[in-house]
Amino acid sequence: MAQQLDPGTHERAQPPAISLRNVVKRFGSIVAVDGLNLAVPAGVCFGLLGPNGAGKSTTMRMLTAQALADSGEIEVLGYELPRESKRARMEMGVVPQLDNLDVELTCRQILTVFARLYRVPGGERADAVRRALELANLALRADTIVRELSGGMRRRLLVARGLIHRPRLVLLDEPTVGLDPQVRQELWTLIDGLRSEGVTVLMSTHYIEEAERLADVVAVMSQGKIVAEGAPAELVRAYAGEQVLEIYGPPEQLAAASDTAARHGWQSRRSGPALAIMRAETLDGDAPQGVRRPANLEDAFVALTGEEIE
Amino acid sequence: MSVQADVPVARARARPLRRLEPAALAGVMSRDVVIFGRYWKATTFSSIVQPTIYLLAFGLGFGTLVSHIGHLKYVEYVATGVVATAVLFSSAFPGMFNTFVRWQFQRTYDAMLAAPVDVEELITAEILWISLRAGVYGLAPLLVGIAFGLDPDPGMLLVAFIGFLTGFGFASFGVLIAAVAKTIDNFNYVTSAVLTPLFLVAGTFFPVSALPAGVRTVAQFNPLYHCVQLVRDASLGWLQLADLGHAAVLLAFAVLMWRLAIWQLSKRLID
């Protein structure tokens, strides 16, 4: 009885920020999303990890009703989509994969237009714009035309635009694709800050490191379905074990090692110049010579999707 | 945090959302206003220079041969006719090009539709803005005409509304064309095969009555013909009952094109 009052129990009882049930989306004969089931709990950073073409972007577009599901049910922040999608969109922010900033406008102008679109009241608009500019570290560039901004600045402005109305849910579609490592780090800090403020974040990515660093929960998507879901460390343990044995050598030697692995029923894959054997902790004395390293999310990802990451 | 976040929800639920939210329309149009702030000089320049050139060219060219068309002085005829061409070009072209560029090249519409703005609101706001502008700039040829000897008349103020209504129809037509066009080059077909005959066979520079009977009948289906008639009657102080008919045609054209534009662009903006 006392446990009912436990705040932790209350947290779990909260309805999910996003829920998709048996969602199907086809484009002609192509099935982009194939019976997707997904629940994103409120207040977490949720990573949707999958190779290109897995259906991540289509899923993201369905959450803003910019793509309509052929069947299934979608709920966002308790609103039923697509019927109540305008309500849902008022309370969430979206950072798209493709830069769709107005190149003719200044940072301040863009943020002001979106403050209006997101119904920030007139008296609060200037403050909201100022806050967003500071958040994106663009205060000094407030009156610069977007065309003259660097790629990193544009991406930060894109994030600021999606946060102008302090949304309680943020959708990030491949937030750091094509960015250099330093800019990527800056964005990661920003996303991490959102989560610590209690904002729910759904982030699609095909960068393993991004998911591993930021996401509390990762769902691996492949061919329009979720194939595994859990905390990154759990996924690694479940699908790649604790250790990976990496064997380096000339191609013939690797081919031989690969045959050996297959004969023993060891799970292995080519990883760049090496052959990687999963669950190295379970190998007996027959294990070939190589370097042991801890298993990571990439190993689990490849084991799950059968696809290599570039 | 969760408690705080729930407050706006409760407040928002209290008010049902309309299909065309004024706040959404204002938000979309605020972007147009900002952009206009950059280009108003060029727009204003061309809207004054173009009718001046028409009046000079036709006035000096035809004016020496033709002093009157019917009971109208030639300057009265051309200045009022050019209003219609000004409205046509300042609505159909932005309707086509702005829509295509913002949708396909800049992806502005994709960005806006992720915000709480529906396709219907987005397109309606864009069309409203274009037609407001067309209404105001439709007055420019009259101002130029006055400099060329046209008598000012209070009825000329109505021309802004006629320009708005006509502009709404042609802006919507432009959006519809942008929605169905495969590439931006496709607009050339529409410009040469649709817009050019529309603007010539409307009683703009020469009367429709001079044309063969078949063409005269076709002109009745040209919204621009009705615009020209209304503009002439309003700015020369001859409004009559028949003008209600012209206004009704323009209204019907505007509503039809508006709905068609929304229907066609919705299909393409939403997967």
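For clarity, every value in this text was computed on a predicted model and none was experimentally measured. (Residues numbered from 1 in each chain as written. Chains lettered and ligands numbered in written order. Predicted model: local features only at pLDDT ≥ 70, side-chain atom pairs only at ≥ 80, totals over all residues.)

Draft legend 1. Just the pairing of strand β1 (residues 18-27) of chain A, in detail. Residues and elements named next belong to chain A. Judged from the five bridges that link them, β1 and strand β4 (residues 71-76) form a sheet pairing that is antiparallel. Of the residues in β4, the one forming a bridge with arginine 21 is glutamate 73. Sheet topology note: the β1/strand β2 (residues 30-40) ladder contains eight bridges and is antiparallel. Bridge pairing links valine 24 to aspartate 34 in β2. Hairpin connection of β1 to β2: two residues between the antiparallel strands, including glycine 28 at a positive phi of 60 degrees. (Pairing = 2+ DSSP bridges. Helix = DSSP H or I, 4+ residues; strand = E, 2+ residues; numbered from the N terminus.)

Draft legend 2. Broad picture of the domain arrangement of chain A. Considered domain by domain, chain A is made up of domain 1 (16-236) and domain 2 (242-294). Summarising the inter-unit geometry, the C-alpha centres of domain 1 of chain A and domain 2 of chain A are found 38 Å apart. (Domains from an automatic or database assignment.)

Draft legend 3. Seen up close, the sheet that holds strand β5 (residues 79-81) of chain A. Residues and elements named next belong to chain A. The sheet built from four strands is open, its strands ordered β2-β1-β4-β5 with antiparallel pairing. In this open sheet, the two edge strands, each paired with only one partner strand, are β2 and β5. For this sheet the average axis-to-axis angle between neighbouring strands, irrespective of direction, equals 25 degrees. (Axes fitted to C-alpha atoms, helices over the stretch in contact; angles between N-to-C directions.)

Draft legend 4. The nonpolar core, seen in detail. Grouped together as the largest cluster of nonpolar side chains are 169 residues, with contacts concentrated most on Leu111(A), Ala160(A), Ile164(A), Val170(A), Val201(A) and Met203(A). When residues in this core are grouped by element, the largest group, 14 residues, is from helix α3 (residues 74-105) of chain B. When we break this core down by domain, the ones giving at least three residues each are domain 1 (16-236) and domain 2 (242-294) of chain A. Among residues more than four places away in sequence, those in contact with Val201(A) are Cys45(A), Phe46(A), Val170(A), Leu172(A), Ile191(A), Leu194(A) and Arg195(A). (Core = buried A, V, L, I, M, F, W, Y, C linked by C-beta atoms within 7 Å. Buried ≥ 20, exposed ≤ 12 C-beta atoms within 10 Å, placed from the backbone. Contact = placed C-beta atoms within 7 Å.)

Draft legend 5. Representation of the packing of α3(B) against helix α5 (residues 119-137) of chain B in the model. Residues and elements named next belong to chain B. Running from amino to carboxyl end, α3 crosses α5 at an angle of 155 degrees, the nearest separation of the two axes being 9 Å. Classified by the angle between their axes, α3 and α5 sit roughly antiparallel to one another. Helix-helix and strand crossings are classified by hand; for α3 and α5 the assignment is right-handed. Contacts between α3 and α5 involve Ala86, Val87, Ser90, Ser91, Pro94, Gly95 and Thr99 on the former and, on the latter, Glu126, Ile130, Ser131, Arg133, Ala134 and Tyr137. Split into classes, the residues belonging to the contact of α3 with α5 amount to six nonpolar, five polar and two charged. (Parallel < 35°, antiparallel > 145°, perpendicular 65-115°, else oblique. Left-handed = near helix turned anticlockwise from the far one by under 90°. Nonpolar A, V, L, I, M, F, W, Y, C, P; charged D, E, K, R; others polar.)

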